[in-house]
Amino acid sequence: ADDHTQPVGYEGWYVLSVCGGAAQPGYVATVTSPDIIGPCTLEFWYTMYGVDLDMSVYMLQQGQKTQVWHREDLNDDFWQNASVTLSPPLQEAYQLILETVKGTTHHLCSVAFDDVKLAPAPLLKCDFENTG
């Protein structure tokens, strides 16, 4: 996949999990956010290519992990937008976990995400375009 925010053929930055090659069935890759406080909306772009793979977003608060978004076996190499309203049960800090899981087959696959934003700003914005 090319970067979502750049024209095709131009370089950019995004997070990619490749679940082929040495990755065994059940392989899990995660990215965890810094602490967040209060309700917000998570927006991001993602692409999933291949079969037998899952992508989920979890809210982690006080050791309790709750799934708030999920896709599986999309097999589409085009960027798609996702939006998730986050309403934590407690008014305490929580984290978001973006997770990909390789299924039981040995097919090649990849999952990528880009332009992760939390609104209302300025809590967090990760566009992966800045390297500093």
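In the block above lies the structure referred to throughout.
Residues numbered from 1 in each chain as written. Predicted model: local features only at pLDDT ≥ 70, side-chain atom pairs only at ≥ 80, totals over all residues. Heavy atoms only, no water.

S.K.: Would you explain the pairing of strand β3 (residues 40–49) in this entry?
M.R.: Along any regular strand, the residues point their side chains to alternate faces of the sheet. As paired strands, β3 and strand β6 (residues 76–86) are joined by eight bridges and run antiparallel to one another. Directly across from Trp 45, in β6, lies its bridge partner Asn 81. The pairing of β3 with strand β8 (residues 110–119) spans eight bridges and is classified as antiparallel. In the sheet register, Thr 47 faces β8, and the bridge partner there is Ala 112. (Pairing = 2+ DSSP bridges. Helix = DSSP H or I, 4+ residues; strand = E, 2+ residues; numbered from the N terminus.)

S.K.: Is there a simple way to explain the environment of Leu 74 in this structure?
M.R.: Mapping Leu 74 onto the fold places it in the loop between β5 (64–72) and β6. Judged by relative accessible area, which is 28%, Leu 74 ranks as partly exposed. Between the alpha carbons of Leu 74 and Asp 54 there is a distance of 8.6 Å; along the sequence they are 20 residues apart. Once residues lying within four places of it in the same chain are set aside, the contact partners of Leu 74 are Tyr 46, Met 48 and Gln 80. (Buried < 20%, exposed > 50% of the residue type's maximum accessible area, 1.4 Å probe, protein only. Contact = heavy atoms within 4.5 Å.)

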